[in-house]
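# Fold and contact review
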Amino acid sequence: MKALIVGEYRQGRLQAGTYETLAFAQQLGAEAVMFAVGSDAELPRFAGRLYLADAAACGEYNPAVHKALLLEVIARENPDLIVLCHSSYGWDLAPRLALALKAAQVSEVVDVEEGAFVVPACNAKLRRRIRPQSARTVVTLQAGAFGLTGEPAGSPELERIAGSAAGDVEFAGYEAAEKGEVDLTRAEVIVSAGRGVGKPENVDVIAGLARAFGGELGASRPVVDAGWVDHSRQVGTTGQTVAPKLYVACGISGAIQHLAGMKKSGFVVAINKDKDAPIGEVADVLVVADVLQLAPALTAALQG
Ligand SMILES: Cc1cc2nc3c(=O)[nH]c(=O)nc-3n(C[C@H](O)[C@H](O)[C@H](O)COP(=O)(O)OP(=O)(O)OC[C@H]3O[C@@H](n4cnc5c(N)ncnc54)[C@H](O)[C@@H]3O)c2cc1C
């Protein structure tokens with residue numbers, strides 16, 4: 001099996017997700033060839049063939065131009081799989097490619113089981129297995145779902161490909177998101193509230209514990225979507241990626257999208273009523289308790 005993995009650059013920097021696409025190919029035992037629109041300034045650590053187009057000439061984010069380049073590479077390499085990150089870049093480019101190739105497209109793959117792609121369903125409460133029937137498949141990978149065994153290594157064998165930014169789509173640049181209440185990436189301690197806190201008033205209990213630790217309040221997405229906490233405090237794939245020394249997950253189940261944002265934390269404590277909650281798989285300590293009882297007691301002990 002051959003996988004064409006699509007590397008991703010943003011503002012001149014190679015994105016970490018590129019190595020997750022490599023890990024996916026590694027997990028499948030597939031031969032990996034890489035494509036990227038980027039620059040020589042930061043090449044991926046990859047011992048294989050890299051088709052590199054110049055971002056300065058092609059536009060770093062230009063799905064129309066990148067699609068044309070990719071189709072050229074696909075014609076040369078004839079891969080079985082084309083693998084992208086499930087990022088704004090990937091979810092824009094993947095369906096365009098799939099349509100042009102008349103190939104199946106599977107979005108947001110989180111695992112591979114018995115030869116089938118596993119994707120979340122029903123807001124990630126369920127997992128669905130998909131076995132595409134087409135000869136070729138385009139997949140996008142959920143951030144954090146695949147990790148390399150060992151550090152990436154090697155230098156790519158470069159094949160330069162030329163393209164131009166001419167076309168219907170023009171890359172105008174990036175616009176920074178509005179600054180929110182807090183920059184969680186700088187916090188040494190984060191105490192996060194999940195849906196398990198039950199109601200908005202209870203977020204104060206978790207915020208009190210965060211203050212007692214001298215840290216910041218974080219949150220899972222449902223808590224943010226409900227408007228209980230500002231989006232700048234959301235941890236996960238559609239929030240912040242954090243790596244504090246201590247992360248305390250309060251009433252958080254441990255969905256993959258949340259884990260992707262916090263699994264690099266130094267020490268993880270999870271407080272959950274359910275001893276089988278998936279957060280237990282990444283937690284250094286899982287406290288099986290009602291967080292609304294434990295958090296105030298812990299806060300008082302820290303303050304005492
Ligand atoms: C495209 C996409 C992007 C997403 N991005 C993100 C993201 O960036 N961040 C994110 O967090 N999620 C994200 N999600 C949502 C994610 O899939 C989960 O739905 C979400 O993380 C679940 O949040 P939760 O753990 O707070 O809630 P739940 O999954 O409902 O878990 C609540 C937990 O609280 C426990 N509990 C209940 N009561 C108590 C109590 N009194 N004491 C202790 N424990 C209790 C329960 O046992 C349960 O484990 C995304 C989903 C999609 C589809």
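Structure: above.
Let us look at the structure shown here. (Residues numbered from 1 in each chain as written. Predicted model: local features only at pLDDT ≥ 70, side-chain atom pairs only at ≥ 80, totals over all residues. Heavy atoms only, no water.)

Taken as a whole and judged by the stated rule, the model has 16 salt bridges. Linking Glu114 and Arg129 is a salt bridge whose minimum nitrogen-to-oxygen distance equals 3.3 Å. Note that Glu114 is positioned in the loop between β8 (111-113) and β9 (116-121) and Arg129 in strand β10 (residues 126-130), a separation of 15 residues in sequence. Residue classification places Arg129 among the partly exposed residues on the basis of a relative accessible area of 43%. In the salt-bridge network here, residues are joined through shared partners; they are Asp111, Glu113, Glu114, Arg127 and Arg129. (Salt bridge = Lys/Arg side-chain N within 4 Å of Asp/Glu carboxyl O. Helix = DSSP H or I, 4+ residues; strand = E, 2+ residues; numbered from the N terminus. Buried < 20%, exposed > 50% of the residue type's maximum accessible area, 1.4 Å probe, protein only.)

Let us now look at the packing of aromatic side chains. The full count for this structure, using the stated rule, is 4 aromatic pairs. Ring centres of Tyr61 and Tyr89 lie 6.0 Å apart, and the angle between their planes is 75°; this geometry places the pair in the edge-to-face category. Within this pair, whereas Tyr61 is found in the loop between α2 (55-58) and α3 (63-77), its partner Tyr89 is found in helix α4 (residues 88-101), the two being separated by 28 residues in sequence. A residue is classified by how much of its surface remains accessible, and Tyr89, at 6% relative accessible area, is buried. These aromatic residues form a ring-pair network of at least three members: Phe24, Phe117 and Phe146. (Phe/Tyr/Trp six-rings, centres within 6.5 Å; stacked < 30°, edge-to-face > 60°.)

This paragraph deals with the site of the ligand. Around the ligand, a shell composed of 29 residues is seen, among which Arg195, Ser220, Thr238, Ser253 and Asn272 lie nearest. Here a nitrogen atom of the ligand sits 2.8 Å away from a polar atom, N or O, in the main chain of Val235. Here an oxygen atom of the ligand sits 3.1 Å away from a polar atom, N or O, in the main chain of Thr237. Protein contacts shield 85% of the accessible area of the ligand, which totals 980 Å² for the unbound molecule. Elements supplying a minimum of two residues to the shell around the ligand: α6 (221-225), α7 (256-262) and β16 (267-272). Each residue belonging to the shell around the ligand can be placed in one class, and the counts come to 8 nonpolar, 14 polar and 7 charged. Taken domain by domain, the makeup of the shell around the ligand includes at least three residues from each of domain 1 (2-161) and domain 2 (184-303). (Near = heavy atom within 4 Å. Polar contact = N/O pair within 3.5 Å; in protein donor to acceptor, adjacent residues only side chain to side chain. Areas by Shrake-Rupley, 256 points an atom, 1.4 Å probe, with all protein chains shown as cover. Nonpolar A, V, L, I, M, F, W, Y, C, P; charged D, E, K, R; others polar. Domains from an automatic or database assignment.)

Consider a sheet: its strands pair through backbone hydrogen bonds, and that pairing is either parallel or antiparallel. Ordered by their spatial adjacency, 5 strands build an open sheet running β14-β13-β15-β16-β17, and the pairing between neighbours is parallel. Each edge of the open sheet carries a strand with a single partner, namely β14 (216-219) and β17 (285-288). Going across the sheet, the axis of each strand differs from the next one's by a mean of 20°, ignoring polarity. (Pairing = 2+ DSSP bridges. Axes fitted to C-alpha atoms, helices over the stretch in contact; angles between N-to-C directions.)

On to the side chain of Lys2, then. Locating Lys2 in the fold gives a position in strand β1 (residues 2-6). With near-sequence residues (within four places) excluded, Lys2 lies in contact with Glu31, Val33, Arg49, Glu77, Pro79, Asp80 and Leu81. (Contact = heavy atoms within 4.5 Å.)

This brings us to the environment of Pro222. As for its position among the elements, Pro222 is in helix α6. Sequence separation between Pro222 and Ala193 is 29 residues; the distance between their C-alpha atoms is 9.7 Å.

With antiparallel pairing, the 3 strands of this open sheet are ordered in space as β8-β9-β10. Bordering the open sheet on either side are β8 and β10, each of which pairs with just one other strand. Taken pair by pair, the neighbouring strands of this sheet meet at an average axis angle of 40°, ignoring direction. Here β8 runs beside β9; their pairing, made up of 3 bridges, is antiparallel.

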